[in-house]
Amino acid sequence: MVKNLKYIDVAVALPVFGSYTYLVPEEMADIPLAGKRVFVPFGQRMVTGYVLCESKQENEARGDKEIKTIIDVLDEKPLFQSSMIPFFKWISDYYIHPIGEVIKTALPGGLNLYEIAYYAITDKGKEAAGRKQTVSLEERILRLLEKYPMSVKALCMEMSCDIPGALLYSMEKRKLIYKQKEIKPGKTKEKTESHFFLSGSCFPSCNISESQNKVIYCLKSNRELSLKRLNQLVPGASRAVRVLRDKGYITSCLKPVYRDPFGETISPDIAPVLTKEQEKAVSQIGNYLGKGFAPFLLTGITGSGKTEVYMNLASFAVNQGFGVIVLVPEIALISQMVRRFRARFGECVAILHSGLSAGEKLDQWIRIADKKTPVVIGARSAIFAPLSNTGIIIVDEEHDSSYKQEGGLRYNARDLAVVRAKLENCLVLLGSATPSVQSYYNVAIKKFSEVALTKRVEDRSLPEITVVDLKKNRDSRGIRRYFSEELIYRMKETLSRKEQVLLFLNRRGFSGFPVCGTCGEAVRCKNCDISLTLHKSANAYKCHYCGFTKASGSNCSNCGSTEIKLLGLGTEKVEAAVKNLFPEARVERMDSDTTVKKGSTVKILKGLSEKSIDVLVGTQMIAKGHDYPGITLVGIICADLSLAFPDFRAGERTFQVLAQVAGRAGRGASKGRVILQTYNPEHFTILSARDQDFKSFYEKEIRFREELNYPPFSRMIMIRLSGKDKKKTYECAKAIGKCCNALRQGNKSFQKLKLLGPIEASVTRIAGRFRWQILLKGDDSRPLHRFVHKIMFENAQKICGRNVSIYADVDPYFMM
Ligand code: ADP
Ligand code: ZN
Ligand code: ZN
């Protein structure tokens, strides 16, 4: 008789492609497993895997390959619904990334078990350790292990060299050493707290302390209380509770607690009456709710009230029992969005972003999975939220490059929002005042429907933008050159009216181009092919790529001269200049140097809203989405910094950041003004930004993209290689290039693909690693992805081995 065995498909959290089949032991056969983690044998190790699906199949259908049995089930409740599995599979396919690692990226960190192997010495090993005179590597290992068992990592550290795996394996075979395994649970666990309630209605009448009496009284009127709450109500409750419980008068149980990431209470707001345009937008989109997949692009100028549209749609969806995901590009904006949503929706808002501790994240995750919070707000990773019955996914500031994850699974959350909506048959709404060329193109080819907001709320006008030609500002020198008369005049005027000024420059630090005054050599990074930036507040030159620092007093490394000229400007220099020009003004700076500490961004933004800051100097951080009505003047110190980047999106990015930063002016009752300083006053990007005219920018830009066959007219995948050894990296790049050429020639469907490279990356070395790239372009995504898939899974590891790292970046954002 053939038993009805239960099999499961498991994605292991390892860099391997595809999923694996395992057998479920009979005693676990009744447990539903999909979406849970299991512990499985894999090769020589034990690893965590995620159950994708179950199947009951007869033995022989499996062929004669030996199927291993799972060791344990790690979760009581599934971590993701089975509806997420097609999403994970899509991501794995499209981004050419192992499915187990996709799921690992999607889940909150710290959940995985890991296994640590220790080596210990056997009696035979002890014998061998003492005998010989010469000290081989093997001998040294044995002598160390004689003291106590050690992990491979500890052994390597102790001996300060690499230990070949083959040696350990052979020593194990010869029974000189053996492996001990230890499994450590993941670091993050659900946090629980004791709750108390009365066991019955009979109470002690005498022999009872004051605090015991109070505890009983509190539990009578509240039914159930946590220990924490009881301690607040009754001093010394802990002891009283213990006594009462031991006597059987009260009962306790453990309940999960949620670490509240909001920290403060927010008072409810009153929804404003929508403008005609907002109302139209809400009904236009809301009409499609619950009727399947439909993608929208909300193009609304800065200050047109897009958030109000999001909130109305969200409440419409929640009232009909749907879930809502709102993606926001970064933490500072999330806190603003969360405040507005919480004021409207109260407790039912969950929040997910990298600023939360692992524990907080897990709590939020569980609350979402338990259907306690129909609204999820978060940064890009919130696209993986375990929300069920999703009605609408909203992506605010959809053009923002922080939706693109660099490192690990290189996904774009904006694109995934559309994919998830399609798979879950719901609405997706991308919103921006400066949409990406890609998204607007999707409107042009009727893939997305455009919904427009063309007016600012309450008839506030757009700021008036004056372009100042920096070329004509020649007579002044140094930093003065960057403060045109017009800008200084307007700043004076604004400050005298007690209004606020925002100064924008897209580069941090003091001097971005320190050069030796004697020999002309630039001060360069030791590890990267790039100039260092002087940071005066840190008294050091810093590398913006690898973090290398060098004391600010250092001499020229070429000629030893002490005379270093500080060319190039950054926000620090601007801040110093403002303090010099306006000694009375309260000046602050917001860039990634001043916002390292947790909470510092919020502090600066609070200063803005409380008007304890007169002038804020900052990088693109200040350009994004913020709504501060006190700002009436925006100064763009030098608009050109990003225009010259060797990247086909340089124009798009420049337009976006300029239009966004200009949009920060005049959001309150008084009119705003923008001084835009530039060396290229005739460039169409600058002109369109001046006119806040996205369409005119798009019309020009799209023609240029078409001519050069750049996205959205083609698809791109970048294969990147890097390694510490210059020659090896170069050779691997050449070898991969050769494979690409051979594959393309040998297969008809690949012949249309364009192959650019291998070439050295624009920044040839970062953090001591030499960098090469191969850019692949295709009109159609399917053959392109199939092609790269073949290269990555059939050739890459064989050619590159351990010393050179290689990965594919699908739809790359940063071309350098
Ligand atoms: P956007 O994101 O489009 O730049 P916001 O959503 O931040 O604009 O809205 C700008 C300001 O206008 C906010 O302070 C918001 O509270 C306010 N606002 C939005 N809609 C209305 C409305 N219908 N009536 C009054 N004020 C509104
Ligand atoms: Zn020099
Ligand atoms: Zn560096």
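From a predicted model like this one, the values you see are computed outputs, not experimental measurements.

**Overview of the coordination of the zinc ion (ligand 2)**
Summarising the metal site, the zinc ion (ligand 2) is bound by the protein donors C516 (SG), C519 (SG), C556 (SG) and C559 (SG), whose distances to it range over 2.3 to 2.4 Å. Taken together, the four donor atoms coordinating the zinc ion (ligand 2) and their angles of 105 to 113 degrees define a geometry best described as tetrahedral. Sequence positions of the residues that donate to the zinc ion (ligand 2) give the spacing C-x2-C-x36-C-x2-C. Of this pair, C519 sits in the loop between β21 (513-516) and β22 (533-535) while C559 is found in the loop between β24 (549-551) and β25 (564-567), placing the two residues 40 residues apart along the sequence. Accessibility expressed as a relative area gives 34% for C519, which makes it partly exposed. Exposure remark for C559: the relative accessible area of 39% places this residue in the partly exposed category.

**A few points about the sheet that holds strand β23 (residues 540-542)**
Reading across the sheet, the three strands line up as β22-β23-β24 and stay open at both edges, with antiparallel pairing between neighbours. On the outer flanks of this sheet lie β22 and β24, each paired with one strand and no other. The sheet shows a mean angle of 30 degrees between the axes of neighbouring strands, taken without regard to direction. Sheet analysis places β22 next to β23, joined by three bridges and oriented antiparallel. The residue bridging L534 from the neighbouring strand is Y541, located in β23.

**Some remarks on the pairing of strand β29 (residues 673-678)**
In terms of burial, β29 is largely enclosed, as five of its six residues are buried. Direction of pairing for strand β19 (residues 464-469) relative to β29: parallel, over a ladder of six bridges. Looking at the pairing, E464 lines up with R673 of β29. Direction of pairing for strand β28 (residues 631-636) relative to β29: parallel, over a ladder of four bridges. When the sheet's bridge partners are listed, V634 is paired in β29 with V674. Handedness of the β-α-β unit built from β28, helix α19 (residues 650-662) and β29 comes out right-handed.

**Here's the deal with the side chain of K36**
Positionally, K36 belongs in the loop between β2 (20-24) and β3 (37-42). From its side chain, K36 meets the backbone oxygen of P32 in a polar contact 3.0 Å long. Discounting chain neighbours no more than four positions away, the residues touching K36 are I31, G49, Y50, V51, V73, D75, E76, K77 and P78.

**Considerations on the environment of I686**
Of note, I686 is situated in helix α20 (residues 684-690). Counting along the chain gives 126 residues from I686 to P812, while the straight-line C-alpha distance between them is 25 Å. In contact with I686, other than residues within four places in its own chain, are A639, D640, L658, L676, T678, N680 and P681.

**Thoughts on the sheet that holds strand β33 (residues 804-810)**
If you trace the four strands from one edge of the open sheet to the other, you get β31-β32-β30-β33, paired in antiparallel fashion. If you trace the sheet from one side to the other, it starts and ends with β31 (754-766) and β33, each paired once. Averaged over all neighbouring strand pairs, the angle between strand axes comes to 20 degrees, with direction disregarded. For strand β30 (residues 715-723) and strand β32 (residues 769-778), the ladder comprises nine bridges, and the chain directions are antiparallel. Counterpart to G723 in the pairing with β32 is F770.

**Some remarks on the site of ligand 1**
Around ligand 1 sit 18 residues in total, of which V273, Q278, G303, K306 and D627 are the nearest. Here V273 contributes a backbone N or O atom positioned 2.8 Å from a nitrogen atom of ligand 1. S304 has a polar backbone atom sitting 3.3 Å from an oxygen atom of ligand 1. Within the complex, 83% of the 570 Å² of free accessible area of ligand 1 lies under protein. Element by element, the count of residues in the shell around ligand 1 is highest for helix α11 (residues 306-319), at three residues. Split by residue class, the shell around ligand 1 holds five nonpolar, seven polar and six charged.

**Looking at helix α15 (residues 437-444)**
A large share of α15 lies buried, amounting to six of its eight residues. Where α15 is concerned, the buried positions are V437, S439, Y440, Y441, N442 and V443. Buried residues along α15 sit against β12 (294-300), α14 (413-423), β17 (427-432), β18 (449-453), α19 and α21 (694-707). Of the residues trailing α15, K446 is marked for its positive phi of about 65 degrees.

**Side note on the pattern of salt bridges**
A complete count under the given rule lists 30 salt bridges for this structure. For K404, the salt bridge goes to E406, with nearest N and O atoms at 3.6 Å. With a shortest N-O distance of 2.8 Å, D809 and K404 are connected by a salt bridge. Here K404 lies in the loop between β16 (390-396) and α14 and D809 lies in strand β33, a separation of 405 residues in the sequence. Taking the relative accessible area as the measure of exposure, K404 reaches 4% and is therefore buried.

**Notes on the environment of E699**
Locating E699 in the fold gives a position in helix α21. A C-alpha to C-alpha distance of 9.7 Å links E699 and V437, two positions 262 residues apart in sequence.

**Structural notes on the nonpolar core**
Counting 110 residues, the largest nonpolar core has I383 and F787 as its most contacted members. Examining the composition of this core, we find that seven residues originate from one element, helix α23 (residues 781-800), more than from any other. Excluding residues within four positions of it along the chain, I383 makes contact with F87, L327, I393, Y411, A413, L416, A417 and R420. Formed by 36 residues, the second largest nonpolar core is a distinct cluster that contains L289, V326, M337 and F345.

**Topic: the packing of aromatic side chains**
Under the criterion given, the structure shown has 21 aromatic pairs. Ring geometry for F87 against F384: centres 6.2 Å apart, planes inclined by 45 degrees, an arrangement best described as tilted. Here F384 lies in the loop between β15 (375-378) and β16 and F87 lies in helix α1 (residues 85-94), a separation of 297 residues in the sequence. The class for F87 is buried, based on a relative accessible area of 1%. According to the relative accessible area criterion, F384 is buried, its value standing at 1%.

Calculation rules
- Residues numbered from 1 in each chain as written.
- Chains lettered and ligands numbered in written order.
- Predicted model: local features only at pLDDT ≥ 70, side-chain atom pairs only at ≥ 80, totals over all residues.
- Heavy atoms only, no water.
- Donors = N, O, S within 2.8 Å, 3.2 Å for Na, K, Ca; no water.
- Tetrahedral: all angles 85-135°; square planar, octahedral: opposite > 155°, others 65-115°.
- Helix = DSSP H or I, 4+ residues; strand = E, 2+ residues; numbered from the N terminus.
- Buried < 20%, exposed > 50% of the residue type's maximum accessible area, 1.4 Å probe, protein only.
- Pairing = 2+ DSSP bridges.
- Axes fitted to C-alpha atoms, helices over the stretch in contact; angles between N-to-C directions.
- Right-handed = clockwise from strand over helix to strand, strands pointing away.
- Polar contact = N/O pair within 3.5 Å; in protein donor to acceptor, adjacent residues only side chain to side chain.
- Contact = heavy atoms within 4.5 Å.
- Near = heavy atom within 4 Å.
- Areas by Shrake-Rupley, 256 points an atom, 1.4 Å probe, with all protein chains shown as cover.
- Nonpolar A, V, L, I, M, F, W, Y, C, P; charged D, E, K, R; others polar.
- Salt bridge = Lys/Arg side-chain N within 4 Å of Asp/Glu carboxyl O.
- Core = buried A, V, L, I, M, F, W, Y, C linked by side-chain atoms within 4.5 Å.
- Phe/Tyr/Trp six-rings, centres within 6.5 Å; stacked < 30°, edge-to-face > 60°.

The quantities given are spatial measurements derived from coordinates; they are silent on function.
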